[in-house]
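# Architecture and fold: a report
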Amino acid sequence: MAEQAHPPKNNRSILHSIAFRNIAYQLLLVAALAFLGWYLYDNINENLDRQNIATGWGFLNEPAGFDISESIIPFDSSQTFARIFAAGVLNTLHVAFVGIFLATLLGITMGIARVSRNWLVSKVASAYVEICRNVPVVLHVIFWSSIIRLLPHPRQALEPFNGAFISNRGLMLPFPVDNILYPWVAFALVLGIGGALIFARWARFRREHTGQYISVFWPGTSIIVGLPLLVWVLGGAPLTWDYPALKGFNYQGGISLSPEYIALLIGITVYTGAFIAEIVRSGIESIHRGQIEASRALGLRHGFIMRFIIIPQALRVIVPPTASQFLSLTKNSSLGVLIGYPDLVNIGNTSLNQTGQAVEAIAIMMLVYLTISLTISIFMNFYNKLVAIRER
Amino acid sequence: MENLKSSASSQKHERLVIELTGVNKWYGDFQALVDINMSVRRSERVVVCGPSGSGKSTMIRCINRLEVHQRGRIVVDGIELTDNLKNIEAIRSEVGMVFQSFNLFPHMPVIDNLTLAPMLVRKMPKKDAEELAMQYLERVQIPEQAFKYPGQLSGGQQQRVAIARSLCMQPKIMLFDEPTSALDPEMIKEVLDVMIELAEDGMTMIVVTHEMGFAKTVADTMVFMDAGEIVESADPSKFFTAPDNPRTKLFLSQILTH
């Protein structure tokens with residue numbers, strides 16, 4: 001008590017040290033998490049024992065005993081659970097990546113359209129965004145699934161052009177029969193893309209050294225399209241179409257997209273596209289008006305302002321939330337389970353019911369989604385670093 | 001032809017580079033500019049002042065078409081401003097503008113801010129554009145900041161970069177829209193010094209400002225605006241000592257009392 005009378009007061013108790021408290025709180029949190037983990041593990045084990053369910057991964061090597069409607073890798077019911085899970089993962093990846101690609105295109109188009117000065121264009125885009133993002137994604141998927149079911153039977157299929165059929169069994173398109181020349185055409189395409197990139201670099205180099213601005217779009221497109229076309233023509237232009245044809249109750253030949261795939265793809269694409277459109281719009285609108293005025297005052301053309309001033313600054317705002325949209329699209333692809341698309345969740349659920357290996361089946365699904373999502377995250381973080389321009 | 005045109009368009013010996021004739025502008029029901037008539041000769045320095053909301057900024061922003069006037073004629077360097085995009089671009093590349101809020105491009109180093117327009121609009125090779133940029137950075141006395149980003153500079157430095165950026169287009173006319181209003185007091189002088197030097201070199205300038213000391217130093221003509229009208233346009237010696245209009249007197253007494 002006598003000490004307290006003497007200023008300055010110096011409390012030396014370790015309990016009041018910031019460094020000590022930081023470590024202590026972390027240790028407490030680790031202990032709490034460890035306890036929770038142990039409790040859950042113990043609880044599950046006890047319950048599984050009581051119900052006489054064996055745990056383990058052995059079931060993966062047993063025959064699945066059920067079939068799936070579509071698969072990228074060949075599959076029949078005598079093959080293993082491991083293989084059917086792989087088929088499910090591939091189906092999920094298939095719909096997710098095509099969905100991400102299309103949703104990005106749709107979102108960018110609609111986002112730019114929304115800030116357009118053209119009244120009709122901007123209103124159409126606004127209507128799209130407001131309708132699509134305000135309806136739950138489940139309804140989108142079910143809606144498109146129902147629409148497809150209302151389409152005519154294969155025998156009365158719509159034929160928008162020769163060889164293409166739209167029916168309640170999906171979309172059938174003619175497909176070129178494989179030819180020995182095609183790998184070379186593909187190779188020419190890769191060369192063409194490389195050539196276009198080199199051309200773009202050259203055009204930039206030339207602009208910086210002579211001041212001459214060369215548009216890259218048309219020459220670049222010509223190289224990318226022209227080179228494979230040239231190889232194909234020089235090789236005698238081989239082309240035989242494999243047309244889908246009605247055999248029995250459905251079409252055979254060509255390529256086909258199943259009604260489940262189309263419904264799921266359109267549903268998640270249209271839904272996510274609306275969110276991406278809003279992100280793109282907010283990115284463009286985040287650019288201070290003074291930036292555009294200053295560019296105009298310097299005499300810059302609209303296209304240059306967009307490319308050198310608006311887009312580089314807007315991308316920083318656009319990329320991080322768009323990455324989240326890619327993740328949510330991927331996870332929303334699990335709604336395939338509702339309409340019979342054999343995605344990972346669909347197959348996981350069926351396997352779970354067949355084997356009773358709930359913990360393992362769910363662990364597989366969680367791990368796969370985690371892996372896909374983390375991969376997308378890593379890629380998008382990398383891309384974000386590329387576009388996250390310095391300001392100081 | 002050239003002689004005919006200049007003798008026809010000007011009673012004085014110098015050629016008019018900016019002519020505003022009966023310019024009117026409305027924002028909805030609000031009339032921002034009322035029958036503006038003004039002409040600026042080559043190398044003339046015009047300082048525009050007036051209370052806020054009087055239309056000063058709107059008027060100079062009409063000169064490079066950042067705002068669109070609805071009635072009247074604006075002719076800049078012999079080109080009439082209409083909605084013809086080529087004319088607008090031609091005029092903008094001859095008319096430099098400095099803004100209150102600098103409006104530098106934050107994602108580019110200073111040097112790129114300066115070389116962008118000369119390269120894209122004037123089709124200047126990069127090397128030449130960079131030489132030109134360094135030349136103007138030296139003129140505004142911050143060549144050592146060339147590779148920093150705008151966010152790393154002080155307000156005064158940023159405004160000097162903005163002036164240099166405009167000068168890199170080698171404009172015939174410079175418009176200044178309250179260039180020192182967003183600056184801390186100790187940085188105003190460095191910007192005004194650059195502007196005084198520019199005036200001494202014979203640049204045609206229209207400056208919207210409340211810096212009356214600067215106005216007295218450089219102005220050939222003082223313009224006072226109120227409620228969208230040019231109330232008074234006079235020689236600085238007359239303007240500051242014996243203005244004709246009572247509104248001008250009131251305004252000057254309000255800003256010169258302290």
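Rules behind the numbers
- Residues numbered from 1 in each chain as written.
- Chains lettered and ligands numbered in written order.
- Predicted model: local features only at pLDDT ≥ 70, side-chain atom pairs only at ≥ 80, totals over all residues.
- Heavy atoms only, no water.
- Helix = DSSP H or I, 4+ residues; strand = E, 2+ residues; numbered from the N terminus.
- Contact = heavy atoms within 4.5 Å.
- Buried < 20%, exposed > 50% of the residue type's maximum accessible area, 1.4 Å probe, protein only.
- Pairing = 2+ DSSP bridges.
- Axes fitted to C-alpha atoms, helices over the stretch in contact; angles between N-to-C directions.
- pLDDT = per-residue confidence, 0-100.

### Section: the side chain of Arg65 of chain B
Among the secondary structure elements, Arg65 of chain B is positioned in the loop between helix H2 (56-63) and strand E4 (71-76). In contact with Arg65 of chain B, other than residues within four places in its own chain, are Leu81, Thr82, Asp83, Ile88 and Arg92 of chain B.

### Here's the deal with helix H4 (residues 110-120) of chain B
H4 of chain B sits mainly inside the fold: 10 of its 11 residues count as buried. Those residues of H4 of chain B lying buried are Val110, Ile111, Asn113, Leu114, Thr115, Leu116, Ala117, Pro118, Met119 and Leu120 of chain B. Where H4 of chain B is buried, its residues touch helix H5 (182-210) and helix H9 (302-332) of chain A together with helix H5 (126-139) and helix H6 (155-167) of chain B.

### Some words on the environment of Pro74 of chain A
Looking at the secondary structure, you find Pro74 of chain A in the loop between helix H1 (18-50) and helix H2 (81-114). A sequence separation of 10 residues divides Pro74 of chain A from Ala64 of chain A, and the C-alpha atoms of the two residues are 14 Å apart.

### Digging into the sheet that holds strand E9 (residues 221-226) of chain B
Residues and elements named next belong to chain B. Pairing within the open sheet is mixed, and its 6 strands lie in the order E6-E7-E8-E3-E9-E10. Each of the sheet's edge strands pairs with one partner strand only, and the pair in question is strand E6 (95-98) and strand E10 (229-234). On average, each strand axis in the sheet is inclined to that of its neighbour by 15°, with strand direction left out of account. Pairing between E6 and strand E7 (residues 173-177): 4 bridges, direction parallel. Within the sheet, the bridge partner assigned to Gly96 lies in E7 and is Met174. On top of the sheet, helix H3 (residues 85-94) reaches E6 and E7; it is set at about 65° to E6, its chief contact. Sheet strands touched by H6: E6 and E7. Its angle to E6, the strand with the most contacts, is close to 170°.

### Digging into the confidence of the model for chain B
All names here are of chain B. Summing up the model confidence of chain B, the mean pLDDT is 90 and the portion of residues at 70 or higher is 94%. Confidence drops under pLDDT 50 across residues 1-13; counting only partners more than four residues distant or on other chains, this segment forms 7 contacts. Our summary of model confidence lists the complex with pTM equal to 0.78 and ipTM equal to 0.90.

### Observations concerning the sheet that holds strand E5 (residues 79-80) of chain B
All names here are of chain B. Strand order in the open sheet made by the 4 strands is E2-E1-E4-E5, with antiparallel pairing throughout. Each having just a single partner strand, strand E2 (30-41) and E5 make up the two edges of the open sheet. The pairing of strand E1 (residues 16-27) with E2 spans 8 bridges and is classified as antiparallel. In the strand pairing of E2, Glu19 is matched with Ser39.

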